[in-house]
Amino acid sequence: MDELITRIKGTSYGDAISKVTKPYSSAKIEMALRDRQADMHYKMMQAAGGSNVLFAYYLKFVLQNLKIILKGKILGRSQAEIESSVNLHAMELIRERDIVVKALIARDVEEAVTTLKGIGIGEEVERAFSLYHEKKQIQILDLYFDKFFYENLNHVAKTSTDFNLHTLCVTEIDYYNMLCVLRGKFWNLDENQIQDLIIPGASGSSKEILTRMISSDSIKSALNELASTKYRSLIPQEESAIDAISQFERAFEMYVYKTMQSQFSKMFGFSTVVAIVRLIEYEVRNLSAIAFAVEQKIPPDTTMSRLVVKEISD
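Cut-offs applied
Counting restarts for each chain: residues are numbered from 1 in the order of the written sequence. Owing to the predicted nature of the model, reporting of local features is limited to residues with pLDDT of at least 70; listing and counting of side-chain atom pairs is limited to 80 or more, with chain, interface and lining totals taken over all residues. Just so you know, side-chain values use all the structure's heavy atoms and leave hydrogens and water out. Strands here are runs of E lasting at least two residues and helices are runs of H or I lasting at least four, both read from the DSSP assignment and numbered beginning at the N terminus. With the radius of gyration taken over C-alpha atoms, the globule rule is written as 2.2 Å times the number of residues to the power 0.38. Residue burial considers only the protein chains on display, and all accessible areas are found by Shrake-Rupley using a 1.4 Å probe. Neither His nor the chain termini are counted; the positive set is Lys and Arg, and the negative set is Asp and Glu. To locate a charge, the coordinates of NZ of Lys, CZ of Arg, CG of Asp or CD of Glu are taken. Each axis is a line fitted through C-alpha atoms, taken for helices only over the stretch in contact, and angles between the N-to-C directions span 0 to 180 degrees. Angles are sorted into four bins: roughly parallel if under 35 degrees, roughly antiparallel if over 145, roughly perpendicular if 65 to 115, and oblique for all others. Contact criterion: two residues are considered in contact whenever any of their non-hydrogen atoms come within 4.5 Å of each other. The rule is short: rings of Phe, Tyr and Trp, with Trp giving its six-membered ring, pair when the centres are within 6.5 Å, and they are stacked under 30 degrees, edge-to-face over 60, tilted in between. Relative accessibility decides the category of a residue: with a 1.4 Å probe and only protein chains considered, values under 20% of the type maximum give buried, values over 50% give exposed, and everything between is partly exposed. Either the NZ atom of lysine or the CZ atom of arginine qualifies as a charge over a ring when it sits within 6 Å of the ring centre and within 35 degrees of the ring normal. Classification convention: Asp, Glu, Lys, Arg as charged; Ala, Val, Leu, Ile, Met, Phe, Trp, Tyr, Cys, Pro as nonpolar; all other residues, Gly among them, as polar. Only buried residues count toward a nonpolar core. Its members are Ala, Val, Leu, Ile, Met, Phe, Trp, Tyr and Cys residues joined through side-chain atoms within 4.5 Å. Salt bridge, as used here, is a side-chain nitrogen of Lys or Arg placed within 4 Å of a carboxyl oxygen of Asp or Glu.

Observations regarding the overall build of the chain
- The helix and strand tally for the chain stands at 17 helices and zero strands.
- Computed over C-alpha atoms, the radius of gyration of the chain comes to 20 Å, within 12% of the 20 Å expected from 2.2 N^0.38 for 314 residues, which places it in the range of a compact globule.
- Principal-axis analysis of the C-alpha atoms places the extent of the chain at approximately 55 × 50 × 45 Å.
- A total accessible area of about 15,800 Å² is found for the chain, and carbon and sulfur atoms account for 52% of it.
- One finds the centroid of the 38 positive side-chain charges in the chain at a distance of 3 Å from the centroid of its 41 negative side-chain charges.

Some remarks on the packing of helix 11 (residues 163–186) against helix 15 (residues 241–262)
- Close contact between helix 11 and helix 15 brings their axes to 10 Å; oriented N to C, the two are set at 175°. As summarised for this structure, helix 11 and helix 15 are arranged roughly antiparallel, according to the angle between their axes. Mapping the contact onto sequence places Leu168, Thr171, Glu172, Asp174, Tyr175, Met178, Leu179, Leu182, Arg183 and Phe186 in helix 11 and Ala241, Ile242, Ile245, Phe248, Glu249, Phe252, Glu253, Tyr255, Val256, Thr259 and Met260 in helix 15.

Observations concerning the packing of aromatic side chains
- Taken as a whole and judged by the stated rule, the model has ten aromatic pairs.
- Centre to centre, the rings of Phe248 and Phe252 are 5.6 Å apart; their planes meet at 90°, and the pair counts as edge-to-face. Residue Phe248 and its partner Phe252 are located together in helix 15, separated by four residues, close to a single helical turn. Assigned by exposure class, Phe248 and Phe252 land together as buried.
- Taken together, the ring pairs in this structure connect Tyr175, Tyr231, Phe248, Phe252 and Tyr255 into an aromatic cluster.
- Across from the ring centre of Tyr13, 4.1 Å away, lies the NZ or CZ of Arg36, which sits over that ring.

Quick word on the packing of helix 4 (residues 52–74) against helix 16 (residues 270–296)
- One can describe the packing of helix 4 onto helix 16 by two numbers: an axis separation of 11 Å at closest approach and a directional angle of 10°. The orientation of helix 4 relative to helix 16 falls into the category roughly parallel. Here Val53, Leu54, Tyr57 and Lys60 of helix 4 lie close against helix 16, whose contacting residues are Phe270, Val273, Val274, Val277, Arg278 and Glu281.
- Here the residues of the contact of helix 4 with helix 16 sort into seven nonpolar, no polar and three charged.

Some words on the nonpolar core
- Core analysis: the biggest nonpolar cluster contains 91 residues, and Leu116, Leu153, Leu182, Met213 and Phe248 have the highest contact counts within it.
- The biggest single contributor to this core is helix 4, with 13 residues.
- When sequence neighbours within four positions are dropped, the list of residues in contact with Leu153 reads Val53, Ala56, Tyr57 and Cys169.
- Membership of the second largest hydrophobic core comes to twelve residues, among which are Tyr13, Val20, Leu33 and Val284.

Observations regarding unusual backbone geometry
- Across the junction of Lys22 and Pro23, the peptide omega takes the value -5°, indicating a cis bond.
- Here Pro23 is to be found in the loop between helix 2 (14–17) and helix 3 (26–47).
- The backbone of Lys136 shows a phi angle near 60°, a positive value even though the residue is not glycine.
- Residue position: Lys136 is located in the loop between helix 9 (122–135) and helix 10 (139–157).
- Non-glycine residue Lys297 carries a positive phi angle of around 60°.
- Inspection of the secondary structure assignment puts Lys297 in the loop between helix 16 and helix 17 (300–306).

Concerning the pattern of salt bridges
- In the structure shown here, the tally under the stated rule is 20 salt bridges.
- With a shortest N-O distance of 2.8 Å, Asp146 and Lys67 are connected by a salt bridge. In this pair, Asp146 sits in helix 10 while Lys67 sits in helix 4, placing the two residues 79 residues apart along the sequence.
- Taking the shortest distance from any N to any O, the salt bridge between Glu111 and Arg107 comes out at 3.1 Å.
- What makes Glu111 partly exposed here is its relative accessible area of 25%.
- Taken together, the shared-partner salt bridges in this structure form one network comprising Lys60, Glu172, Arg278 and Glu281.

Here's the deal with the side chain of Glu172
- By the secondary structure assignment, Glu172 is in helix 11.
- The exposure class of Glu172 is buried, given its relative accessible area of 1%.
- In contact with Glu172, other than residues within four places in its own chain, are Tyr57, Tyr150, Val256, Met260 and Arg278.

What follows is the structure, encoded as structure tokens:
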């Protein structure tokens, strides 16, 4: 960990990582990296005159904190353990610290859910909490928080006249919608429950595809519905449902990553600004994953296979 800290200090993350105190841990490193990510994102929002799209992406910080708090309370984690994973710095920059703190100090998850009704996400969280109790799949909470994020992103993206920006956002929403369908089918959700998770009207060309995916009789059949779309190269050949979903998720994430990278080959526009924000997010995720791998002594080859990075063949 000492060597890792030294190496990161030699990068643009030097100032942020210098604030990490001993004993070093991957959690401390990730928090420092997230602080810098929030600072950069906030500065870009200010420079862009308070862009609604950039603010929509900034909401990820808020929602990630709320995910950590609710899941932590459900799993019975200690208050100190939950607090150590919550990034209040990102909240302080936009003066939204109070709502996160209220959820954090709630006696239990039910009180935390009630607290969130004050910010317009309470109804979604209640539905997520109810479905979690029925299916006992904690990732369901992630999907409902993600739904809130992507619905908002879809709404603000539609107000833009930037075609490239619209393409970026639609690709991300397609990613969310298709994975919702696959995960919903894997968890044996019924068609109405899956429909409740997806973002309607986000992409006209994918509406019929999503409907057929939801109605299909298996994960493999659902994936095969993509054979006539621009995502056909992402269809995995795995027979195992869980492996097929995992491979599809990985392939689609790389597709999104490359779509963000491609914005730099165009005339600089607002889509490029959004791409910068998203690529910084990937960079922080990669560095955090490396820190965890070093701490847990995970082999480098295994770690590299999980990172979202530019492929050598590219």
